[in-house]
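Spelled out, the chains give:
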Amino acid sequence: MRLGIVGLPNVGKSTLFNAITKAGAESANYPFCTIEPNVGVVDVPDKRLEVLEKLYNSKKVVHASIEFYDIAGLVKGASKGEGLGNKFLSHIRESAAIVHVVRCFEDENIVHVEGSVNPIRDIETINLELIFADLEVLDRRMEKTIKLTRSGDKKAKIDLEIMERLKAHLEAGNPARTLETSEEEKDFIKELFLITSKPVLYAANVSEDDLLSGNAENDYVKEVKSLALKENAEVIIICASLEEQLSSLEGEELNEMLSEYGLSQSGLDRLIHSSYKLLGLMSFLTAGQTEVRAWTIQIGTKAPAAAGKIHSDIERGFIRAEIVSYDDLVNCGSESSAKEKGLYRLEGKEYVMKDGDVVNFRFNV
């Protein structure tokens, strides 16, 4: 899974990236510090794996992972070549979702590219640039479709009607993801690969003072939440500077610092879990002495397709899935005990996987 981190210059984007990947991406107080997208891979936190590791005495633990792309700061006019121009667009198109970092704190020592803190204006600035980029893509596709309609292509006529409705929606300043459509129309729009059709998670970046004073949900954050509600987007409150400090801590030190700020988990954990929710993802697990591993799949995935995540041969030769729920397995204390109690079950090709299923696939090729 790949997430693109976007935002205006100096909103805390690269600081957040440093924190969540410990990759040391360059971060400085001037625009366009990030020229090429930095890429970092981070494990999806899943305490179930450590429990299974002990239960099976496994040699290795393999977490599911997420790729984060730190994409260069955008400015007004970027779609027409201002700032870094179109350089960033391909990297956003390759992402499954967008993490949009929004500055929700005052600090006279950190320059704001627009001269003042205004999260709604900042969001609209980037949204408009992405909409302009999508309109260019849509116009090119419409030109081709119009030619097909002239030859009497009935499907092209239906496609053109959808695109005309979508174009009017974009020209009104609305992202593609907010257009009301049928499932069939959604599938067609997905094929257009529009940036604004991607799901968005707004990361409202607040100050450490706000966290300590219990004012994390300040007026700026409330504005972002109100806008996100209209856009069908998610919001998570983070403090990028604190996350950068937390990234170097472990164990008791980490827990103490989280407690000091009234947090039960790091922003990274909350960001990843929110991203999973946003994209409709979950994990199934495999366990044995060699390794325990989490595998990421879409909610609603059937057993054979889940097997294909491990290897295409397992999907092709799928016979049955031997499954026990994580909770049942752990409560029994061992695989043999769970089997004795009849908690393992054999599922066929139509079985829809559940989060936390511990699976052994039976196959023959």
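Just so we're clear, the structure is a prediction, and the values are computed from it rather than from any experiment.

Cut-off values and rules
- Residue positions are given per chain, counted from 1 along the sequence in the order it is written.
- Reporting in this predicted model follows two pLDDT cut-offs: at least 70 for local features of residues, and 80 or more for side-chain atom pairs to be given and counted; totals over whole chains, interfaces and linings ignore these cut-offs and use all residues.
- In computing side-chain properties, one takes all heavy atoms of the structure into account and sets aside hydrogens as well as water.
- Grid points spaced at 1 Å and placed over the protein atoms alone form the basis of the search, with a cavity being a set where a 1.4 Å probe fits but cannot get out and a pocket an open set showing protein on both sides within 12 Å along at least five of seven lines. Lining residues have an atom within 4 Å of a point.
- Grid points are joined across faces, edges and corners, and a volume is the space filled by probe spheres set on the points.
- The way it works is that DSSP assigns letters per residue, a run of H or I at least four long becomes a helix, a run of E at least two long becomes a strand, and they are numbered from the N terminus.
- Being paired, for any two strands, means DSSP has found at least two bridges between them.
- In this scheme, patches are assembled from residues that exceed 30% relative accessible area and form no salt bridge. Like charges are connected within 9 Å, while nonpolar side chains (Val, Leu, Ile, Met, Phe, Trp, Tyr) are connected within 5 Å.
- The Shrake-Rupley method, run with a 1.4 Å probe, gives the accessible areas here. Residue values count only the displayed protein chains as cover.
- Counted as salt bridges are all cases of a side-chain nitrogen of Lys or Arg within 4 Å of a carboxyl oxygen of Asp or Glu.
- Charge convention: Lys and Arg are scored as positive, Asp and Glu as negative, and His as well as the terminal groups of each chain are ignored.
- Taken as the charge location is NZ of Lys, CZ of Arg, CG of Asp or CD of Glu.
- Each residue is assigned to one of three classes by its accessible area relative to the maximum for its type, calculated with a 1.4 Å probe on protein chains only: buried under 20%, partly exposed between the two thresholds, exposed over 50%.

Examining empty space enclosed by the protein
In step 1: With the rule as written, the count across this model stands at two cavities of 30 Å³ or more.
In step 2: Considered as a void within the structure, the largest cavity measures approximately 50 Å³ in volume.
In step 3: Lining the largest cavity are Val-6, Ile-98, His-100, Asn-127, Leu-130, Pro-175, Arg-177, Ile-195, Thr-196 and Val-200.
In step 4: Within the residue set of the lining of the largest cavity, elements represented by two or more residues are strand 5 (97–103) and helix 4 (119–150).

Focus on the pairing of strand 10 (residues 318–325)
In step 1: Across seven bridges, the pairing between strand 10 and strand 12 (residues 357–363) is antiparallel. Within strand 12, the position partnered with Ile-323 by the bridge is Val-359.
In step 2: Where strand 10 lies against strand 11 (residues 345–347), three bridges are found, and the strand directions are antiparallel. Within strand 11, the residue paired with Ile-323 across the bridge is Arg-345.

Points about a positive patch on the surface
In step 1: A grouping of Arg-140, Lys-144, Lys-147 and Arg-150 is seen on the molecular surface, where their side chains present a positively charged patch.
In step 2: With respect to the helices, strands and loops of the structure, Lys-144 is situated in helix 4.
In step 3: A relative accessible area of 59% means that Lys-144 is categorised as exposed.

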